[in-house]
Structure formats: C-alpha cells, structure tokens
Amino acid sequence: MKRIGVLTSGGDAPGMNPVIRAVVRSAVSFNMEIIGIQRGFKGLYEKEFLELNSRSVSGIINQGGTILKTNRFPEFKNSEVRKKCYENLIEAGIEGIVVIGGDGSAKGAYLLYSEFNFPVVHIPVSIDNDVYGTDYTVGFDTAVNTAVEAIDKIRDTATSHERTFIIEVMGREKGNLAVEIAVACGAEIVIIPEIKIDWEEIVKSLKEQERKGKKSSIIILAEGAGKAEVFAEKLKKEFPERHIRYSVLGYIQRGGTPTYMTRKLATLFGYHAVKMLKEGIYGYMVGIKGNEIIYFPLKKVVCTTELPHLEYLNLIDYMAV
Ligand code: F6P
C-alpha cells in the first residue's frame, strides 16, 4: 500500500491531534503517501483532500481539537452518499483509510469496509469511552481529569457552605464518563442513563448521610439521564432547608491539552493502525485490553454495547459512608 487517507469524525476529543501526528509520521516512516481528509465523512464526500507530511503535524501533540476539523455527517446513512465517498477514494488513488472517532465513526468505517471491501482501520477516540472492544478510547483520560479538576474546586464550596451540588457531565447515551468522574471525585451519588433513576433511593441516601452529620454532597449526573437544573428543583422540594446548587460542565470536557495517558494511547494506536494497513489487516479497530494493544473486528464493535463497570457503582456507595 503506497497511499493512505486519514480523517477525524464525530465529536472532537483531546487526543485527536496526537493520533493524526502518529498516523502521519508512521505512514511517512513506512514510505507511504498520506492524505488528510478534512471535515470527516463530509469532506470525503466533497473531496476535501490535502497532502500531509511530517512537518504538517509538528507542534500538535500538545493541542486539543483536530487540525483536520470534524463534524457529524448523518447523510452517510444514505447508500448513494457512501458510494460517492468510495468513488472519491478510488479517484484520489487512496488505497486505505484510517478513521479516527467514536462509536458513530466506527459504524461509518465498518460500512466503507463491508460494502466496498475497502481497506479501513478505525482508531477509537472519544471522551465517552463507550466503544466496545477497547478498555479505553483516546481522550477519555483527559476528559476525566478536566472534570475532576473542576469538581474538586466545586467541592471546596460545597464543603465550606454545606451545600449539595448536582454536576452535569457529558454522556448523552452512556454513563461511562460520569461513573469514572464520580469515582475519582469521591462523589456521593452518580446518575447515568443506563440505570433507571430510583428517586426514593436518592432521597433515602441523602437523608442517611445527613443523619450521620454529612451536610454537603456531590451528585454526578450524566446529561443523558436528565438536566441538572430539573434535578436541583426536584431536590429542593424534598429538602427545602438545604442549599442546593447545580453546575453544567459542558464543552470544557471536550477540549484542552491532552494528558500523558491520552498522548501515549494516541501514539500507540496511530502507529498500529498504519502498520495494520501496511500488513493487509483491514476491517479492524485498534484497541487496548489490559496492557496489550489488540486488533478487534469492526463488525463486533458496531454490533455490541456494554454497561459501564457496575462494580464501580457499588464502590461509590461504599465510599460515600
Ligand atoms: O460523543 C461525545 C459527546 O461529548 C457526548 O457525550 C455528548 O452528548 C455529545 O458528544 C455532544 O456533542 P455535540 O453537541 O457536538 O453534538
């Protein structure tokens, strides 16, 4: 394989740039030409191609966002659009492609591979850590650390004023990010979309903590489970004497300087993805299981979902005594 493409797709995540850097530099070291496709699958459809080289990716290992730009492109669900994308790849002489993004992007990558037998490798990059087949996605570690830093500050106010804070974090469909943040912050309660909210249980738990003399608490709420503002109102009705506040962390979780773990994973995944294309291993996602880099079939990635670690939820209960 002499000429490959790379694109970033879906929501941005810290680590996309270090992945692009690793892909480009690995391709160069394997004597391959490397074409950047801008704005994800939309750019593939509209032929937004640009030649990349080692210098194009200097100074980006420490940058959040993606130099290739990204977006969500629902039109890719249309088979005519996908056919055009495939034809554009052939016309540009691109022989294989590295798709960088989350679970939605993995689906796009799989369709290109399965429908046209086109050589595709996917790299899981998402703050949500919800891609089946890998223990970690690139960007998750940075997003958790960003949230933890912010919530530690909020905790100071919660403790000093003896307040209850509801903190809404990202995670439209999955609670993995919320659970990990809750464990790392020592939150008293975590609420995620996968588990039906037991309002009585929440009230009971807060009352029990109050009985033990604990007057401040942090509740982590994944955005997919509801709005922090609505929860705060509801809680105020149950605890009229309490000072209840809420905070929405929002997009600060998506940006920022990638951590060491994010950069390391990005570099390993980027290198392995290009090596796979070079060695003729297609239709796979590169991932990590334990300490090992693995090549995981894209078909399994797109057909399976997983609950967050439920034992972590117990851990939150045990620690909130
Ligand atoms: O996929 C990552 C994610 O951050 C989700 O947790 C969040 O719900 C979503 O993206 C929001 O993305 P956007 O507003 O860019 O569509």
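Residues numbered from 1 in each chain as written. Predicted model: local features only at pLDDT ≥ 70, side-chain atom pairs only at ≥ 80, totals over all residues. Heavy atoms only, no water.

All right, on to the side chain of Ser126 then. Relative to the elements of secondary structure, Ser126 occurs in the loop between strand 5 (120-124) and helix 5 (140-161). Look at Ser126 and you get buried, because its relative accessible area is 10%. In this structure the side chain of Ser126 is engaged in a polar contact, spanning 2.9 Å, whose partner is the backbone nitrogen of Asp128. Ignoring sequence-local partners within four residues, the contact set of Ser126 consists of Ala13, Gly102, Thr137, Val138, Gly139 and Phe140. (Helix = DSSP H or I, 4+ residues; strand = E, 2+ residues; numbered from the N terminus. Buried < 20%, exposed > 50% of the residue type's maximum accessible area, 1.4 Å probe, protein only. Polar contact = N/O pair within 3.5 Å; in protein donor to acceptor, adjacent residues only side chain to side chain. Contact = heavy atoms within 4.5 Å.)

What follows deals with the sheet that holds strand 2 (residues 33-37). Spatial strand order, 3-2-1-4-5-10-11: seven strands in an open sheet with mixed pairing. Strands at the two margins of the open sheet, each flanked by one partner only, are strand 3 (49-52) and strand 11 (292-297). Going across the sheet, the axis of each strand differs from the next one's by a mean of 30°, ignoring polarity. Bridge analysis of strand 1 (residues 3-8) against strand 2 gives five bridges, and the strand direction is parallel. Counterpart to Arg3 in the pairing with strand 2 is Glu33. Sitting on the sheet, helix 9 (residues 260-279) is in contact with strand 1, strand 4 (96-101), strand 5, strand 10 (284-289) and strand 11, with an inclination near 140° to strand 10. (Pairing = 2+ DSSP bridges. Axes fitted to C-alpha atoms, helices over the stretch in contact; angles between N-to-C directions.)

Attention now goes to the sheet that holds strand 8 (residues 217-222). Taken in spatial order, the four strands line up as 7-8-6-9 in an open sheet, and their pairing is parallel. The sheet is open, and its two borders are formed by strand 7 (189-191) and strand 9 (243-248), each paired with just one other strand. With strand direction ignored, the average angle separating the axes of adjacent strands in the sheet is 20°. As paired strands, strand 6 (residues 163-169) and strand 9 are joined by six bridges and run parallel to one another. Its bridge partner lying in strand 9, Arg163 is registered against His243.

We now examine a nonpolar patch on the surface. A contiguous nonpolar patch, built from Val183, Leu315, Tyr318 and Met319 and spanning about 410 Å² of accessible area, is present on the exposed surface. Ranked by residue count, the leading element in the nonpolar patch is helix 11 (residues 310-319), at three residues. Relative to the helices and strands, Tyr318 resides in helix 11. (Patch = residues over 30% accessible without salt bridge, like charges linked within 9 Å, V, L, I, M, F, W, Y side chains within 5 Å. Areas by Shrake-Rupley, 256 points an atom, 1.4 Å probe, with all protein chains shown as cover. Salt bridge = Lys/Arg side-chain N within 4 Å of Asp/Glu carboxyl O.)

When the domains of the protein chain are assigned, the result is domain 1 (3-139 + 258-303) and domain 2 (142-254). Distance from the C-alpha centre of domain 1 to the C-alpha centre of domain 2: 34 Å. At the junction of the two partners, domain 1 supplies 14 residues and domain 2 supplies 11 residues. Around 1000 Å² of area is buried between domain 1 and domain 2 when both sides are counted, 45% of it from carbon and sulfur atoms. The interface formed by domain 1 and domain 2 holds one salt bridge in total. The residue Asp12 makes a salt bridge to Arg254 at a minimum N-O spacing of 2.8 Å. Run the count over domain 1 and domain 2 and you get six residue pairs in polar contact (both at pLDDT 80 or more). Its residues placed into classes, the side of domain 1 that touches domain 2 shows four nonpolar, five polar and five charged. (Domains from an automatic or database assignment. Buried area = accessible area lost by both parts, 1.4 Å probe. Nonpolar A, V, L, I, M, F, W, Y, C, P; charged D, E, K, R; others polar.)

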